[in-house]
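# Topology and contacts: notes
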Amino acid sequence: VQLQAFGGGSVQAGGSLRLSCAYSGRTSSGGAMSWFRQAPGKEREFVSSIFRSGGNTYYADSVKGRFTISRDYAKSTMYLQMNSLKPEDTAIYYCAVAPRAILSSIGASSSYDYWGQGTLVTVSS
C-alpha cells in the first residue's frame, strides 16, 4: 500500500485547509485509515480515524468539532477537512493505514503498517 498526503500549507488562525491522502495497492478490507500529526519537539499524536468497513469516524478531543475525516472510495482518497484552525494545530500531518486495527488500537501509531510522507500545516496567530 502506498500513501501520499498533500494539501498542507500556511494559514492564519481561524482559517481552513483540506488535506488529502491518495492511496494505492491492496490490503484487507478491514481496519482503519487515520491521520496523525507531529509538532516540532513533540511526539506523533492521533488526530482522526475512519474505519474502512462501516465508515465510523473518531477524533481526538483537541480537534473534535473542528476537523472532519472522510473517504472517497471511487477516488481512493481520504480527506481531513480542518476548520477553525489554531496555532497549536501546526504540525506535519501523516496519513496511515492499519489493516487489522480495532477501536481500542486506533490511537497508537504502532498499530499502523503503512504511512504517507507527511504534509506540513502551519497556522499563524
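Structure shown above.
Within a sheet, adjacent strands bond to each other through the backbone by hydrogen bonds, running parallel or antiparallel. With respect to topology, four strands assemble into an open sheet ordered β1-β3-β8-β7, the strand pairing being antiparallel. The sheet is open, and its two edges are formed by β1 (2–6) and β7 (67–72), each paired on a single side. If you compare each strand with its neighbour and ignore which way they point, the axes differ by 15 degrees on average. In terms of strand pairing, strand β3 (residues 17–24) meets strand β8 (residues 77–82) through six bridges, oriented antiparallel. Among the inter-strand pairings, Leu 17 is bridged to a residue of β8, identified as Met 82.

Attention now moves to the nonpolar core. Ranked by internal contacts, the top residues of the largest apolar core, which has 36 residues, are Trp 35, Phe 67, Met 78, Leu 80, Met 82 and Tyr 93. Put simply, the parts of the chain that give this core at least two residues each are β1, β3, β4 (32–38), β5 (45–51), β7, β8, β9 (91–98) and β11 (119–124). No other element matches β9, which puts six residues into this core. Every residue in contact with Leu 80, bar those within four places of it in the chain, is listed here: Leu 17, Arg 18, Leu 19, Trp 35, Val 47, Ser 48, Phe 67, Thr 68, Ile 69 and Tyr 93.

Checked against the element boundaries, Thr 119 lands in strand β11. A polar contact is formed between the side chain of Thr 119 and the backbone nitrogen of Gly 8, at a distance of 3.0 Å. With sequence-adjacent residues up to four places away left out, Thr 119 is seen in contact with Ala 5, Phe 6, Gly 7, Gly 8, Leu 19, Ala 91, Ile 92 and Tyr 93.

Looking at where Ala 91 falls in the secondary structure, it is placed in strand β9. Residue Ala 91 is classed as buried on the basis of its relative accessible area, which comes to 2%. Residues Ala 91 and Thr 122, spaced 31 residues apart in sequence, show a C-alpha to C-alpha distance of 6.7 Å. Excluding its chain neighbours within four sequence positions, the residues that come into contact with Ala 91 are Arg 37, Gln 38, Ala 39, Thr 119, Leu 120 and Val 121.

All told, the structure shown has six aromatic pairs when counted by the stated rule. Ring plane angle 80 degrees and centroid distance 5.7 Å describe the contact between Phe 36 and Phe 46, whose orientation is recorded as edge-to-face. Remark: Phe 46 occurs in strand β5 and Phe 36 occurs in strand β4; sequence separation between them is ten residues. Both residues of the pair, Phe 36 and Phe 46, count as buried.

This part covers the state of the cysteines. A covalent bond between the sulfur atoms of two cysteines is referred to as a disulfide. The tally for this structure, following the rule as stated, stands at one disulfide. Paired through a disulfide, Cys 21 and Cys 95 show a sulfur-sulfur distance of 2.2 Å. Taking the sign of the S-S torsion, about 70 degrees here, the bridge from Cys 21 to Cys 95 comes out right-handed. Separated by 74 residues along the polypeptide, Cys 21 in strand β3 and Cys 95 in strand β9 bring together distant segments of the chain.

Okay, unusual backbone geometry next. Within the chain, Ser 76 stands out as a residue other than glycine whose phi angle is a positive 50 degrees. Mapped onto the fold, Ser 76 is located in the loop between β7 and β8. One non-glycine residue, Ser 84, adopts positive backbone phi at about 50 degrees. Along the chain, Ser 84 falls in the loop between β8 and β9.

Rules behind the numbers
Residues numbered from 1 in each chain as written. Predicted model: local features only at pLDDT ≥ 70, side-chain atom pairs only at ≥ 80, totals over all residues. Heavy atoms only, no water. Pairing = 2+ DSSP bridges. Helix = DSSP H or I, 4+ residues; strand = E, 2+ residues; numbered from the N terminus. Axes fitted to C-alpha atoms, helices over the stretch in contact; angles between N-to-C directions. Core = buried A, V, L, I, M, F, W, Y, C linked by side-chain atoms within 4.5 Å. Buried < 20%, exposed > 50% of the residue type's maximum accessible area, 1.4 Å probe, protein only. Contact = heavy atoms within 4.5 Å. Polar contact = N/O pair within 3.5 Å; in protein donor to acceptor, adjacent residues only side chain to side chain. Phe/Tyr/Trp six-rings, centres within 6.5 Å; stacked < 30°, edge-to-face > 60°. Disulfide = S-S within 2.5 Å.

None of this, on its own, says anything about what the molecule does.
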